[in-house]
Amino acid sequence: MVAAAEHAAEDTARPEALTLPAGRLPALDGPVKMRSRDLRLWYGDKLALTGINLDIPEHQVTALIGPSGCGKTTFLKCLNRMNDTIDGVRIEGLASLDGADIYDRAIDVVQLRARVGMVFQKPNPFPKSIYDNIAYGPRIHGLANGKRELDGIVESSLRRAGLWDEVSGRLDELATGMSGGQQQRLCIARTIAVSPEVILMDEPCSALDPISTARIEELIDELRDNFTIVIVTHNLQQAARVSQLTAFFHLGRLIEVNGTAELFHSPGESMTEDYITGRFG
Amino acid sequence: MTDPAPAMTSYHLSEKAGRRLRRRYARERGFKVLSLGALGLTALFLVILLGSVVLSGWSGFITTKMRLDVTYSESHVDAGDPSSGNIRMVVLDALRERFPDVSDRRGLRALLGIVSNRGFLDVGREVAGDPALVGRTVEFWLPVSSDIDMLNKGYIDRTAPEDRRRLDDRTIAWIDDLEASGDIATVFNWTFLTSGDSREPELAGIGGAVLGSFWVLLVTFLVSFPTGVAAAIYLEEFAPKRRWVDIIEVNINNLAAVPSIVFGLLGLAVFLNVMHLPRSAPVVGGLTLALMTLPTIIITTRASMKGIPPSIRDAALGIGASPVQVVSHHLLPLAMPRLLTGAIIGMAQALGETAPLLMIGMVAFVVDLPGGPADAATALPVQIFLWADSPERGFVEKTSAAIMVLLGFLVAMNGLAVYLRQRFEIRW
């Protein structure tokens, strides 16, 4: 940890030296959906992200791993501008979706969040009925013409989240009365219902039991066909199971990014190796 | 398995630790006794307060009536124009018939004094509505004057020397005679609940004051609730965290602690002297009290919005709700139960407020029931203040009875607030 703190001190002193050369990014076999270049973020005076360069491939699962406070969730929230709501946050550098800078003035943040949906660490259904939870997004975005179409969206979203068989008979019950795992799948269904292109997941299984976790992991794998997924996780096995690309963060720096199998079998950085073998973190 | 080594003897089992533990328990008991004592004292004060109010106020809800057979003789009432008949003479004739031995002028005047002014009105109104009654005899239950009412309720000391009490021996004898023949009745005092103020204690009622308070609170609510909620939403959700917003926040909190009389002065200066709104009108009282209630509503609204987990805000933003949608679809509905509770408690505060109303002239003697927020009116606490100031014995019970009505409204409002919170609040 002492070494890490020294790193941090160095980082703030010479941020330009930290920028990873683009050549170190792994060659991706698919098109790039989201991209960040030299993305830096300050909480007040504190530099929390020090020049992140990362390409997020389309229709793949990208896992962000690293110890607590390493900036992985902060980075995730940069991708749909959820950090905008926090006071004192300042962002520099580029983050793009399909090549368009998402921090550009011309980008509407409401539209962006409809395209880049988010699932949170703690299941956070609205204290409304199951139906209304799913229907809320389509309603505010005007995705459905009439009740029948809305019903269709609700059903298909719940089906794709693997929840339909469990809740089809009680759509008008309060969502807050469901189990934690069901609530989290409901939140995923709610995100799907808006038809986003990218789904950001912030430790979606950290509040769940192993069985619910397994279900959500299966679900993530299925969703990959239709969506680009970025998942933050503390659980290295989970990253290894669900992701195709893994990025390792430490103290606001992106230490290493590589195909998941390569990163776990032959980490290129000693710090990555120390972390995935459990020597710190 | 074996005896523990001496070194293993825990400090926590030693005599010293035991003493310490006993001391801690003793201190806990002492604290408990003190707390219970404080609670007991509070309860005692409450019982004394309510007890004294109820004891002196319950009789305000009942009143005394006397039966009198009144004959509308043609010499006093003309069948062609019954409303201009000499009703005093009609009643006097009836009283003379009932007490034939009274003939002197003073005695006759005293006899007339038994009946409340309202009684003459009742007798006159009856024949005015039905001219066919002229020449016939009708049985009336007439309200008696306040002194007789006091005597009937036992507030006049019969053992006192005659020149030291409000009623002479002869009048008391008449009342005892009426009582003995079953012509005196104690009934529920509807007049007290329905009519406006009066100089005669037996005719004074809180109906006007209740209506006045209603109009005041209506204006207060309509002005302070939307304004306060909107201000709170802006400060909580949209205002940038800048220095001037901090200054506004501090000032709102300070405003909640400003003495209410200051708001009264402000109301006087702004609403009456600058804007020339009608004096003594509930609309001015309502506006003044709205200024006073505004900080309370802003503070409770912000507190109730802070009580909503941030995850709900994240969830809505995360699927692309705009900030206004986040507020109107999620935060406001979820905050509503607690918000309404705060508003009702603010209203209850406004209901009990007297000082600002004194400043804007709502401390007037108003006989008529106010028909709208622009009519001259008084409010419940001001009415209590007015009656408490009146010298007549009959107003003592009215004062306490009005306090009971005011407390009743306050308890009902707070009860509604508790009910709303229990019933609709969502817990996480």
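Residues numbered from 1 in each chain as written. Chains lettered and ligands numbered in written order. Predicted model: local features only at pLDDT ≥ 70, side-chain atom pairs only at ≥ 80, totals over all residues.

**Thoughts on the overall build of chain B**
Stage number 1. On a plain count of helices and strands, chain B comes out with 16 helices and three strands.
Stage number 2. In terms of its C-alpha atoms, chain B occupies a principal-axis envelope of roughly 110 × 65 × 35 Å.
Stage number 3. The buried share of chain B, reckoned over its 428 residues, is 35%. (Helix = DSSP H or I, 4+ residues; strand = E, 2+ residues; numbered from the N terminus. Buried ≥ 20, exposed ≤ 12 C-beta atoms within 10 Å, placed from the backbone.)

**Considering the overall build of chain A**
Stage number 1. Scanning chain A for helices and strands turns up 11 helices and 10 strands.
Stage number 2. Within chain A, buried positions represent 44% of all 281 residues.
Stage number 3. Considering only contacts within chain A whose residues lie at least 6 apart along the sequence, 70% involve residues at least 24 apart. (Contact = placed C-beta atoms within 7 Å.)

**Digging into the confidence of the model for chain A**
Atomic detail in the predicted coordinates should be set aside for any region of low pLDDT.
Residues and elements named next belong to chain A.
Stage number 1. With 89% of its residues at a pLDDT of at least 70, chain A reaches an overall mean of 85.
Stage number 2. Ranking the elements of chain A by mean pLDDT puts helix α1 (residues 2-13) last with 41 and strand β8 (residues 228-232) first with 94.
Stage number 3. A low-confidence stretch, residues 1-23 (pLDDT under 50), is modelled with 24 contacts involving residues beyond four sequence positions or located in other chains. (pLDDT = per-residue confidence, 0-100.)

**Considerations on the sheet that holds strand β1 (residues 32-43) of chain A**
Stage number 1. Across the sheet, four strands lie side by side as β2-β1-β4-β5 (chain A); this open sheet has antiparallel pairing. At either end of the open sheet lies a strand with only one pairing partner, and these are β2 (46-57) and β5 (100-101) of chain A. (Pairing = 2+ DSSP bridges.)

**Quick notes on the sheet that holds strand β7 (residues 198-202) of chain A**
Residues and elements named next belong to chain A.
Stage number 1. Spatially, six strands are ordered β6-β7-β8-β3-β9-β10 in an open sheet, and the strand pairing comes out mixed. Across the chains shown, the open sheet's two edge strands, defined by having one partner strand only, are β6 (116-119) and β10 (253-259). Strand-to-strand twist of the sheet, defined as the mean angle between neighbouring strand axes without regard to direction, takes the value 20 degrees.
Stage number 2. Alignment of strand β9 (residues 245-250) against β10, held across six bridges, turns out to be antiparallel. Its bridge partner lying in β10, H250 is registered against R253.
Stage number 3. In this fold helix α7 (residues 180-193) packs onto β6 and β7, with an angle of close to 170 degrees to the strand it touches most, β6. (Axes fitted to C-alpha atoms, helices over the stretch in contact; angles between N-to-C directions.)

**A few points about the interface of chain B and chain A**
Stage number 1. On the side of chain A, 20 residues touch chain B, which itself brings 15 residues to the contact.
Stage number 2. Of all the secondary-structure elements, those providing two or more residues to the side of chain B that touches chain A are α12 (310-318) and α13 (323-351) of chain B.
Stage number 3. The element best represented in the side of chain B that touches chain A is α12 of chain B, accounting for six residues.
Stage number 4. Residues of the side of chain B that touches chain A, tallied by class, amount to seven nonpolar, six polar and two charged. (Nonpolar A, V, L, I, M, F, W, Y, C, P; charged D, E, K, R; others polar.)

**Regarding the nonpolar core**
Stage number 1. Counting 79 residues, the largest nonpolar core has L64, A189, L200, I229, V230 and I231 of chain A as its most contacted members.
Stage number 2. In terms of residue count, α7 of chain A provides more of this core than any other element does, six residues in total.
Stage number 3. When sequence neighbours within four positions are dropped, the list of residues in contact with I231 of chain A reads V61, A63, M201, P204, I220, V242 and S243 of chain A.
Stage number 4. One finds I233, M305, A335 and M362 of chain B within the second-largest nonpolar core, a separate group that totals 57 residues. (Core = buried A, V, L, I, M, F, W, Y, C linked by C-beta atoms within 7 Å.)

**What about the packing of helix α2 (residues 87-98) of chain B against helix α4 (residues 117-129) of chain B?**
Residue and element names in this part refer to chain B.
Stage number 1. Viewed as axis vectors pointing N to C, α2 and α4 meet at an angle of 105 degrees, and their least axial separation amounts to 9 Å. On the basis of their axis angle, the class for α2 and α4 is roughly perpendicular. Where α2 approaches α4, its residues I87, R88, V90 and V91 are matched on the opposing element by G119, F120, V123 and G124.
Stage number 2. Considered class by class, the residues forming the contact of α2 with α4 number five nonpolar, two polar and one charged. (Parallel < 35°, antiparallel > 145°, perpendicular 65-115°, else oblique.)

**A short note on unusual backbone geometry**
Stage number 1. In this structure, E203 of chain A takes a positive phi of about 45 degrees despite not being glycine.
Stage number 2. For E203 of chain A, the location among the structural elements is in the loop between β7 and α8 (210-223).
Stage number 3. Positive phi is not limited to glycine here, since H276 of chain B has a value of about 55 degrees.
Stage number 4. On the secondary structure map, H276 of chain B appears in the loop between α10 (260-274) and α11 (282-306).

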